[in-house]
Number of protein chains: 2
Amino acid sequence: MVKKYVTLKDIAKIAGVSVNTVSRALNNKPDISKKTKKKILKIAKELNYRKDFTASSLRRKESKIVGVILADSANPFYSEVLKGIEAASKEFGYNIILINSERDYEQEVEAVNILLSRRIDGLLLSPVQERQDDVEELIRLRIPLVIFARHFEDLPVNEVRSDDIKAGYIATSHLIERGAKKILMVNGYLHKSPARLRLTGYKQALAKYGINYSDKLLIVGDIGMEDGKKAIDEALSRGISFDGVFAYNDMLALGAMKALKEKGIRIPEEVKVVGCDDILFSAITTPSLTTVKMKKYEMGYEAFKLLIKVLRGKKRIEKKVLDVELIIREST
Amino acid sequence: MVKKYVTLKDIAKIAGVSVNTVSRALNNKPDISKKTKKKILKIAKELNYRKDFTASSLRRKESKIVGVILADSANPFYSEVLKGIEAASKEFGYNIILINSERDYEQEVEAVNILLSRRIDGLLLSPVQERQDDVEELIRLRIPLVIFARHFEDLPVNEVRSDDIKAGYIATSHLIERGAKKILMVNGYLHKSPARLRLTGYKQALAKYGINYSDKLLIVGDIGMEDGKKAIDEALSRGISFDGVFAYNDMLALGAMKALKEKGIRIPEEVKVVGCDDILFSAITTPSLTTVKMKKYEMGYEAFKLLIKVLRGKKRIEKKVLDVELIIREST
DNA sequence: ATCAAATATTGAATCGTTTAAAAGGCAACA
DNA sequence: TGTTGCCTTTTAAACGATTCAATATTTGAT
């Protein structure tokens with residue numbers, strides 16, 4: 001087999017010094033003469049030396065790798081968050097290993113195990129929340145951990161997420177202020193904290209305006225575009241009447257709008273629609289979608305920054321909540 | 001400092017055997033008695049042993065990590081490709097380290113260097129193509145490499161990409177068949193092979209229908225949604241008349257449609273628009289976008305599979321071209 | 001010129017796993 | 001009893017970088 005990479009030993013031999021000296025030269029350590037250092041750096045450059053991070057990680061017990069587990073990197077929400085994570089990782093000299101959980105608890109657990117085997121320095125996780133033993137285990141193991149886009153009220157774990165209650169509240173308030181009285185909430189599964197919290201916000205807004213909450217107007221399910229369509233079709237076929245829709249996310253909202261348009265129901269005249277997330281495409285549909293903007297890129301970036309703080313010794317648990325903002329467009 | 005992870009040595013001590021025996025037990029190697037193996041596995045499980053991949057990689061000279069460099073993981077095209085890569089990586093027992101090049105050659109080179117330092121087993125790269133010395137260097141270093149979504153005619157490098165000439169050809173032919181005669185091509189920069197090849201297809205279609213090619217109808221630039229809008233605004237302000245638009249990708253096409261709608265130009269009556277990629281949102285705009293569907297997920301998946309073949313000894317260079325398909329919608 | 005102090009360099013061990021080679025144990029057979 | 005061969009286990013070295021302790025070299029003060 002061809003020898004592929006140059007080692008400290010190779011450089012040491014040529015420079016006529018010890019491996020140790022080479023190491024110190026390349027790592028800007030003290031206790032080395034300018035002359036020797038210069039010579040070594042020159043040789044290293046000529047040979048195109050690249051530090052073996054594998055060996056370095058083993059010895060230093062620090063991999064400079066952060067694990068990232070999220071539901072689906074192709075989802076417009078997560079792909080923006082991921083981008084923020086990736087950008088921050090560059091800034092702080094880390095690399096990221098990405099694993100999609102596909103919203104499956106088993107896969108999430110598997111991903112955690114693989115990443116621990118990789119000896120990642122820390123983990124950014126957006127848990128499925130079907131169960132939470134894996135998060136509890138991570139806490140028990142004292143793995144540097146930041147949860148994003150999720151909330152665990154009762155667990156001492158670092159978090160960066162959006163203000164989901166406010167999101168639900170301002171979206172619903174806006175619908176009511178525009179005249180809607182019977183507001184369908186097309187939600188995700190309630191084991192996920194954002195779904196629960198947005199529902200809370202929804203209820204709070206109804207209460208504020210003196211509208212009674214009704215279970216009949218709550219639809220819970222998956223959160224793809226087709227699911228939004230399905231939800232509307234189902235509501236209509238069940239004869240549920242509504243003049244507003246608040247969807248868990250923009251994908252659902254867009255699917256819902258599609259279904260409404262197909263039935264010839266006019267938006268916003270007959271039914272007003274509000275989404276959540278403010279993905280890029282919400283702005284360009286017809287009608288364009290009123291939505292609650294979430295700081296996706298920032299969420300990823302801030303989560304990474306918080307993880308770095310943890311890696312640097314921060315002990316106190318931080319649960320950061322990012323502000324949200326209503327973006328009014330044509331659908332209301 | 002608390003000792004975090006259990007090692008082979010820990011297990012060996014408890015089991016009363018050598019480290020080597022433990023290693024063989026856990027790696028399903030022969031030459032071990034059933035009794036010893038069982039005992040060791042039991043202890044390993046009790047102690048929650050996790051193999052240290054760092055150490056293993058160092059010794060075996062194989063990291064089971066593949067590097068992925070692409071322009072922008074938040075772009076709907078790349079995020080689908082990435083998903084295919086990620087899915088395949090799971091299937092073959094690898095992990096991926098993702099780095100965005102941000103369409104910047106310097107960042108691409110930097111990413112390559114970092115990944116080589118990480119001793120990745122192979123690299124999946126969608127190069128910026130401003131220059132190609134880095135790709136040439138990778139070939140020279142014999143790094144297992146698969147290029148995706150790009151084509152290097154003159155380099156012996158494995159590739160998986162879409163049939164870009166056909167894409168340009170069928171898109172343009174379709175526009176002509178629907179009656180367009182003056183077709184604006186809103187393209188990406190021509191140093192990128194897909195831009196060049198789609199332009200070739202565009203010209204071939206014009207030629208087939210006896211329409212003269214004109215430089216005036218070619219606009220070259222960045223490929224975000226705003227750029228599509230800008231391109232149309234510019235063409236109109238320059239007084240260039242056109243009745244069809246073929247955009248390099250759907251983002252550009254959607255931006256172009258937005259600009260046309262704002263000017264009160266009817267689609268498809270006055271101007272017909274075709275995009276490329278078939279991202280999710282092309283189907284839900286109004287009018288929905290006719291486009292050339294590309295197998296994005298498959299591209300990622302196939303690229304990974306090809307890389308695996310290379311890692312397993314495949315020597316012959318393969319340049320795989322994935323078929324494309326016209327999806328006719330309301331914009332034509 | 002001499003000794004102490006400061007600076008530069010080296011040797012050896014280590015991180016945790018894997019591999020090659022050596023050795024130990026046991027049964028069968030002459 | 002001794003030899004052969006098979007199966008199991010151990011010993012030792014290796015992967016490449018880093019660190020600690022030890023040694024070598026230079027500098028400065030007297």
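Along each chain, numbering runs from 1 in the same order as the chain's sequence is written. Each chain gets a letter, beginning with A, and each ligand a number, beginning with 1, in the order they are written. The predicted origin of the model limits local features to residues at a pLDDT of at least 70 and limits the giving and counting of side-chain atom pairs to 80 or more, whereas totals for whole chains, interfaces and linings rest on all residues. The side-chain quantities take in all heavy atoms of the structure and omit both hydrogens and water.

A.B. asks: Where do I start with the pairing of strand 4 (residues 145–148) of chain A in this structure?
C.D. replies: Walk down a regular strand and you will see the side chains alternate between the two sheet faces. Each residue's exposure class comes from its accessible area (1.4 Å probe, protein chains only) as a fraction of the maximum for that residue type: buried when under 20%, exposed when over 50%, partly exposed otherwise. Think of it this way: any DSSP run of H or I at least four residues long counts as a helix, any run of E at least two long counts as a strand, and we number them from the N terminus. Burial along strand 4 of chain A is two-sided: the residues Leu145 and Ile147 of chain A and Val146 and Phe148 of chain A are all buried. Looking down the strands as they point away from the viewer, one classifies a crossover as right-handed if the path from the first strand across the helix to the second runs clockwise. Between the parallel pair strand 3 (residues 122–125) of chain A and strand 4 of chain A, the chain is carried across by helix 7 (residues 133–140) of chain A, and the sense of this crossover is right-handed.

A.B. asks: What is the right way to read the protein's contact with DNA strand D from this model?
C.D. replies: A single heavy atom is enough: if one lies within 4 Å of a molecule or strand, its residue is considered near that molecule or strand. Residues in close proximity to DNA strand D total 26 residues, the closest being Lys29, Tyr49 and Arg59 of chain A together with Asn20 and Thr36 of chain B. Arg59 of chain B places a polar side-chain atom, nitrogen or oxygen, 3.1 Å from a base nitrogen of DNA strand D. Of all the secondary structure elements, the ones that give two or more residues to the surface near DNA strand D are helix 2 (19–26) and helix 4 (53–60) of chain A together with helix 2 (19–26) and helix 4 (53–60) of chain B. At four residues, helix 4 of chain A tops the list of elements feeding residues into the surface near DNA strand D. For this scheme, ten residues count as nonpolar: Ala, Val, Leu, Ile, Met, Phe, Trp, Tyr, Cys and Pro. Four count as charged, namely Asp, Glu, Lys and Arg, and the remainder, Gly too, count as polar. Of the residues contributing to the surface near DNA strand D, the split by class is seven nonpolar, ten polar and nine charged. Within 3.5 Å is the distance limit for a polar contact, defined as a pair of N or O atoms, with the added protein rule that one can donate a hydrogen and the other accept it, and that residues adjacent in sequence qualify only through two side-chain atoms.

A.B. asks: Explanation requested: helix 4 of chain B in the structure shown.
C.D. replies: Working note: α-helix, 3.6 residues per turn, so residues spaced by three or four point in the same direction. Along helix 4 of chain B, the residues that are buried comprise Thr54, Ser56 and Ser57 of chain B. End-on view of helix 4 of chain B: buried residues confined to an arc of 165 degrees, all on one side of the axis. Those residues of helix 4 of chain B that are buried are in contact with helix 4 of chain A. The N-capping residue of helix 4 of chain B, defined by a side-chain oxygen 2.8 Å from the backbone nitrogen of Thr54 of chain B, is Asp52 of chain B. Lys61 of chain B sits one or two positions beyond helix 4 of chain B and adopts a positive phi of about 55 degrees. What the arc describes is the spread of directions from the helix axis to the C-beta atoms. Any two residues whose heavy atoms approach within 4.5 Å are treated as being in contact.

A.B. asks: Hey, could you run me through the side chain of Thr21 of chain B in this one?
C.D. replies: Looking at the secondary structure, you find Thr21 of chain B in helix 2. Look past the residues within four positions of Thr21 of chain B in its chain and what remains in contact with it is Ile32, Thr36 and Ile40 of chain B.

A.B. asks: What is the right way to look at the domain arrangement of chain A in this model?
C.D. replies: How big an interface is tends to be expressed through the accessible area that disappears when the partners come together. All names here are of chain A. Each domain of chain A was delimited in the assignment, giving domain 1 (8–46), domain 2 (62–162 + 296–323) and domain 3 (164–293). Residue ranges labeled as domains rest on an automatic or database domain assignment. A C-alpha centroid distance of 29 Å is found between domain 2 and domain 3. Across the contact, 13 residues belong to domain 2 and 13 residues belong to domain 3. Each partner contributes to the roughly 1,100 Å² buried at the junction of domain 2 and domain 3, and carbon and sulfur atoms together form 47% of this total. Put simply, buried area is the surface a 1.4 Å probe can reach on two separate parts but cannot reach once they are joined, added for both. In terms of surface lost to domain 3, no three residues of domain 2 exceed Pro76, Gln129 and Lys296, which account for 33% of the buried area on that side. Salt bridges, as used here, are contacts in which a Lys or Arg side-chain nitrogen is within 4 Å of a carboxyl oxygen on Asp or Glu. The interface formed by domain 2 and domain 3 holds one salt bridge in total. Put simply, Lys166 and Asp323 hold a salt bridge, and the shortest N to O gap is 2.8 Å. Put simply, domain 2 and domain 3 have seven residue pairs in polar contact (both at pLDDT 80 or more) between them. Elements that contribute at least two residues to the side of domain 2 that touches domain 3 include exactly helix 5 (76–91) and strand 5 (158–162).

A.B. asks: Please clarify how the relation of the copies chain A and chain B should be interpreted in this entry.
C.D. replies: The operation linking the two copies of the chain is a rotation about an axis combined with a translation along the axis. Copy-to-copy superposition: least squares on the C-alpha atoms, limited to residues that have pLDDT of at least 70 in both copies. Superposing chain A onto chain B takes a rotation of 180 degrees combined with a translation of 0.0 Å along the rotation axis, leaving an RMSD of 0.0 Å. The superposition operator between the copies reduces to a two-fold rotation axis. Residue by residue, 100% of the interface of chain A is reproduced at the interface of chain B, so both copies engage with the same surface.

A.B. asks: Looking at this model, I keep getting lost on helix 2 of chain A. Mind explaining?
C.D. replies: Residue and element names in this part refer to chain A. Of all the positions in helix 2, only Thr21, Val22 and Ala25 are classed as buried. Seen from one end, helix 2 has its buried residues packed into an arc of 100 degrees, which puts them on one side. Buried-residue contacts for helix 2 involve helix 1 (8–15) and helix 3 (34–47). Backbone geometry just downstream of helix 2 places Asn28 in the positive-phi region, at approximately 55 degrees.

A.B. asks: Explain the packing of helix 6 (residues 105–117) of chain B against helix 7 (residues 133–140) of chain B here, please?
C.D. replies: Residues and elements named next belong to chain B. Throughout, an axis means a line fitted to C-alpha atoms (over the contacting stretch in the case of helices), and angles, computed between N-to-C directions, take values from 0 to 180 degrees. Where helix 6 contacts helix 7, the two axes come as close as 10 Å, and the packing angle between them is 20 degrees. By the criterion of interaxial angle, the relationship of helix 6 to helix 7 is roughly parallel. In this structure, helix 6 contributes Tyr105, Glu108, Val109, Val112 and Leu116 to the contact, and helix 7 contributes Asp133, Asp134 and Leu138. For the contact of helix 6 with helix 7, a count of residues per class yields five nonpolar, no polar and three charged. An angle counts as roughly parallel when it lies under 35 degrees, as roughly antiparallel when it exceeds 145, as roughly perpendicular when it falls between 65 and 115, and as oblique in every other case.

A.B. asks: Got a minute to help me understand the pattern of salt bridges in this structure?
C.D. replies: In this structure the tally under the stated criterion is 42 salt bridges over all chains. Among the salt bridges present, the one from Asp72 of chain B reaches Lys83 of chain A, with a minimum N-O distance of 3.3 Å. On the criterion of chain membership, the pair formed by Asp72 of chain B in the loop between strand 1 (65–70) and helix 5 (76–91) and Lys83 of chain A in helix 5 is interchain, its members lying in two chains. The two residues Asp72 of chain B and Lys83 of chain A agree in class, both being buried.

A.B. asks: What exactly am I supposed to notice about the sheet that holds strand 6 (residues 183–187) of chain A here?
C.D. replies: Strands in a sheet are paired, the pairing made by backbone hydrogen bonds, and the direction either parallel or antiparallel. Residues and elements named next belong to chain A. Whether two strands pair comes down to DSSP finding at least two bridges between them. Judged by pairing direction, the sheet is mixed, and its six strands sit side by side in the order 7-6-8-9-10-12 without closing on themselves. Each edge of the sheet is formed by a strand with only one pairing partner; in this case those strands are strand 7 (218–220) and strand 12 (325–327). For this sheet the average axis-to-axis angle between neighbouring strands, irrespective of direction, equals 20 degrees. Bridge count for strand 8 (residues 244–247) against strand 9 (residues 272–277) is three bridges, and the pairing is parallel. In the strand pairing of strand 9, Gly244 is matched with Lys272. Each of strand 6, strand 7, strand 8 and strand 9 touches helix 9 (residues 193–208); the most contacted strand, strand 6, lies at about 170 degrees to it.

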